[in-house]
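# Understanding the architecture of this molecule
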Amino acid sequence: AARTRDNLRCPIIVIMGHVDTGKTKLLDNIRRTNVQEGEAGGITQQIGATYFEPKTLLTRCEKLNKTENLNLTLPGVLIIDTPGHESFTNLRSRGSNLCDLAILVVDLMHGLEQQTIESLNMLRSKGTPFVVALNKVDRCYNWKSTTNNDIRSSLKDQEEGTTQEFRSRAEEAKLQLSQQGVNSNIYWEMGDDDWKNSDFVPLVPTSAITGEGVQDILLLLCRIAQEKLWRQLMWCGNLQATVLEVKAIDGMGMTVDIIIVNGTIREGDKVVMCTMDGPVVTEIRGLLTPPPSREMRIKSEYIHHKEIKGALGVKIIGNGFDKVMAGTPLMVVGPDDEEEDIKAEVMSDLKSVTENLSTDKNGVMVQASTLGALEALLQFLRVETKPPIPVSSVGIGTVFKKDVTRISIMKEKKGMEEFATILAFDVPVDKDAREAAEEAGVKIFTADIIYHLFDHFTRYMEEIAE
Ligand code: GTP
Ligand code: MG
Ligand code: NA
């Protein structure tokens, strides 16, 4: 296929921002789903991806596009949701490394917060273009909402006092952004020069609850992608893919979620991925995606594919996935390729990734449902806990008796007894494992909200210290 402006791939758009600013709710509004209400503690603790078809984008933006007249040429968009909780810097970084374009979500009632600024800096360091959603506009006093309206029409419906509150909060956000060195303006008030300046940031007032402004932000993102980013979005045959997440799923075993950025991947392809123990060469046994407008991180009726074109999020089925590293490339070994060359290429920038996951001789065991959460837990124990807690063993998925047996060895080492502990995040503990732990005096802490696990464990360590 020719590399032309008419043959584009989907842009990859990451949604980032401080905790509870409404990132997942915004996506729920576009998807017409309720992912956010099903999240433990109401917070996102995984990285996810949703593909939107052109017809969905056009339907959502129908009213506004009557006057905007965007001729949509994109084959859809892929949006990556990230957690805003401070523990998940790794996942924000992973999302921002992958994307072409970003939405930085700010709670209009709170202005810029700690992870807003962290996200902003990640995007700037990569030179990634972004728009800011000034979300929760419906919380301005006495806001009169019209479901899924474009935002300018909704603002016209407000009384003077409400408009003034909106204006002063938007000005405050603009000021805070300028203090971070970012020039911005309400998107329909930007001048021609502002649009030409690639560092200038458009602000879009939105409400994830009423859907107001959602068509504005969608249309704006599509316009920026088509009109400013088309060179990097030209479709080409060469596969470019990155591992997004590794997780254990009931009935499926260990699965790897990848983002196909460009090119084509096929069932039966021989691929190379990075693992903790070196490169693994394996065959793609299945290519699964959720239906369009459904979140990949939610278990659903997956669709099986023979072949997939980027950009898309895909769950791959196969063997040898146990120690695959997230954030690393996946490469196909073609008929003319030297397997050894591909292995070397895949492993070339692994060093920084493995350092975080290496284990100590003596220490606790950490088990999590996803690799992303495991990384976040290790960061907490080794960097944020004072003094740092060593970790001797890590894993993804259910805690079994063999895990208890392995960590019970710490009981026999002098001064290491308290490390006979398993921290289990969002994973089941097998019944036999519970019994074995009881017998061996191994402590198991479980939680499905990451900061609860931190709290339980920190309290325990304090008790021991006393
Ligand atoms: P994390 O993923 O945990 O960082 O949070 P998030 O940014 O995805 O925010 P989330 O979608 O979980 O929303 C947080 C809370 O804000 C929920 O209670 C939402 O119902 C509420 N919320 C989100 N958007 C809006 C909005 O536009 N208006 C109002 N009134 N509430 C909102
Ligand atoms: Mg969320
Ligand atoms: Na939340």
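Residues numbered from 1 in each chain as written. Chains lettered and ligands numbered in written order. Predicted model: local features only at pLDDT ≥ 70, side-chain atom pairs only at ≥ 80, totals over all residues.

The name an unreviewed UniProt entry gives the protein chain is Eukaryotic translation initiation factor 5B, with Triparma strigata as the organism.

## Thoughts on the overall build of the protein chain
The line we're drawing: Note on conventions: DSSP H or I runs of at least 4 residues are helices, E runs of at least 2 residues are strands, and numbering of each starts at the N terminus. Three exposure classes are used, all based on how many other C-beta atoms lie within 10 Å of a residue's own C-beta (placed from the backbone): buried at 20 or more, exposed at 12 or fewer, and partly exposed between those limits. In this description, any two residues whose backbone-derived C-beta atoms lie within 7 Å of each other are considered to be in contact.
Tallying secondary structure elements over the protein chain gives 16 helices and 21 strands in all. Taken across its 466 residues, the protein chain has 45% of its residues classed as buried. When contacts within the protein chain are restricted to residue pairs at least 6 apart in sequence, those whose partners lie at least 24 apart make up 74%.

## Quick look at the site of ligand 1
The line we're drawing: For each residue, a C-beta atom is placed from the backbone, and the residue counts as near a molecule or strand when that atom lies within 6 Å of it. Under the grouping applied here, Gly and all other residues not named as nonpolar or charged are polar, the nonpolar ones being Ala, Val, Leu, Ile, Met, Phe, Trp, Tyr, Cys and Pro and the charged ones Asp, Glu, Lys and Arg.
Lining the immediate environment of ligand 1, one finds 22 residues, of which Gly 22, Lys 25, Ile 43, Thr 44 and Gly 84 sit closest. A breakdown of the residues in the shell around ligand 1 according to their chemical character gives five nonpolar, eleven polar and six charged.

## A word on the sheet that holds strand S3 (residues 77-81)
Selection criterion: The criterion for strand pairing is that DSSP finds at least two bridges linking the strands in question. Lines fitted to the C-alpha atoms define the axes, with helices restricted to the stretch that makes contact. Angles between their N-to-C directions range from 0 to 180 degrees.
The seven strands lie next to each other as S2-S3-S1-S4-S5-S7-S6, forming an open sheet whose pairing is mixed. Each edge of the open sheet is held by one strand with a lone partner, namely strand S2 (48-52) and strand S6 (184-186). Going from strand to strand, the sheet's axes swing by 25° on average, the running direction of each strand aside. Both strand S4 (residues 101-107) and strand S5 (residues 130-135) contribute to a ladder of six bridges, which runs parallel. Residue pairing in the sheet places Val 106 in a bridge with Leu 134 of S5. Against the sheet, helix H4 (residues 89-98) touches strand S1 (12-17), S3 and S4, its axis set at about 150° to S1. In the packing of helix H5 (residues 114-126) onto the sheet, the strands contacted are S1, S4 and S5, and the crossing angle to S4 comes to about 165°.

## Observations regarding the pairing of strand S13 (residues 286-289)
Taking every second residue as pointing to the same face, the buried face of S13 carries Leu 287 and Thr 289, while none of Gly 286 and Leu 288 on the other face is buried. Note that S13 and strand S16 (residues 312-317) share three bridges and pair antiparallel. Opposite Gly 286, over in S16, you have Ile 317 as the bridge partner. Here three bridges tie S13 to strand S14 (residues 303-305), and the two strands are oriented antiparallel to one another. Bridging across to S14, Leu 287 finds its partner in His 305.

## Observations regarding the packing of helix H14 (residues 401-408) against helix H15 (residues 431-440)
Here is the rule: Relative orientations are named as follows: roughly parallel for angles under 35 degrees, roughly antiparallel for angles over 145 degrees, roughly perpendicular for angles from 65 to 115 degrees, and oblique for any other angle. Definitions for this section: a left-handed crossing has its near helix turned counterclockwise from the far helix by less than a right angle. A right-handed crossing has that turn clockwise.
Remark: H14 packs on H15, axes separated minimally by 8 Å, with the N-to-C direction vectors making an angle of 20°. For the element pair H14 / H15, the angle class is roughly parallel. In this structure, the crossing between H14 and H15 has a hand that is right-handed. Taking contact as the criterion, the partners of Lys 401, Asp 403, Val 404, Thr 405 and Ser 408 in H14 are, on H15, Asp 432, Ala 433, Ala 436, Ala 437 and Ala 440. Residues that form the contact of H14 with H15 fall into these classes: five nonpolar, two polar and three charged.

## Digging into unusual backbone geometry
Cis peptide bonds are those with omega within 30 degrees of zero, and the linkage from Gly 310 to Ala 311 qualifies with 0°. With respect to the helices, strands and loops of the structure, Ala 311 is situated in the loop between strand S15 (307-309) and S16. In this structure, the amide linkage connecting Lys 386 to the following residue, Pro 387, adopts the cis form with an omega of -5°. Its place among the elements puts Pro 387 in the loop between helix H13 (371-384) and strand S19 (391-396). Phi is positive for Asp 20, close to 65°, though the residue is something other than glycine. If you trace the backbone, Asp 20 turns up in the loop between S1 and helix H1 (23-31). Taking the C-beta count within 10 Å as the criterion, Asp 20 has 19 such neighbours and is therefore assigned partly exposed. Unusually for a residue other than glycine, Ser 293 sits at a positive phi of about 60°. With respect to the element layout, Ser 293 can be found in the loop between S13 and S14. Residue class for Ser 293 comes out partly exposed when judged on the 17 C-beta atoms lying within 10 Å of it.

## Remarks on the environment of Thr 282
Assignment of secondary structure puts Thr 282 in strand S12 (residues 278-283). Residues Thr 282 and Lys 270, twelve residues apart in the sequence, show an inter-C-alpha distance of 5.7 Å. If sequence neighbours within four positions are ignored, Thr 282 has contacts with Val 271, Gly 318, Asn 319 and Gly 320.

## Things to note about the sheet that holds strand S18 (residues 364-368)
Pairing within the open sheet is parallel, and its four strands lie in the order S19-S18-S20-S21. A strand with exactly one partner marks an edge of an open sheet, and here the two such strands are S19 and strand S21 (443-447). Pairs of neighbouring strands in the sheet enclose a mean axial angle of 15°, with direction left out of account. In the sheet, S18 pairs with strand S20 (residues 421-425) via four bridges, with the strands oriented parallel.

## Details of the packing of H4 against H5
Direction vectors running N to C along H4 and H5 enclose 35°, while the axes themselves pass 10 Å from each other. At the point where H4 passes H5, the crossing takes the right-handed sense. Note on element contacts: H5 touches H4 through Glu 118, Ser 119, Met 122, Leu 123 and Lys 126, opposite Thr 89, Arg 92, Ser 93 and Ser 96.

## Notes on the confidence of the model for the protein chain
Going by this rule: Note: pLDDT gives the predictor's confidence per residue, expressed from 0 to 100.
Of all residues in the protein chain, 98% attain a pLDDT of 70 or more, and the chain-wide mean is 95. With pTM at 0.96, the complex prediction returns an ipTM value of 1.00.

## A short note on the pairing of S18
To keep it simple, the criterion reads: Handedness is read with the strands pointing away from the viewer; a crossover is right-handed when the path from the first strand over the helix to the second is clockwise.
Buried residues dominate S18, accounting for five of its five residues. The sheet contact formed by S18 and S19 spans five bridges and is parallel. What sits directly across from Gln 367, in S19, is Gly 395. Regarding topology, H13 serves as the crossover connection from S18 to the parallel S19, and that connection is right-handed.

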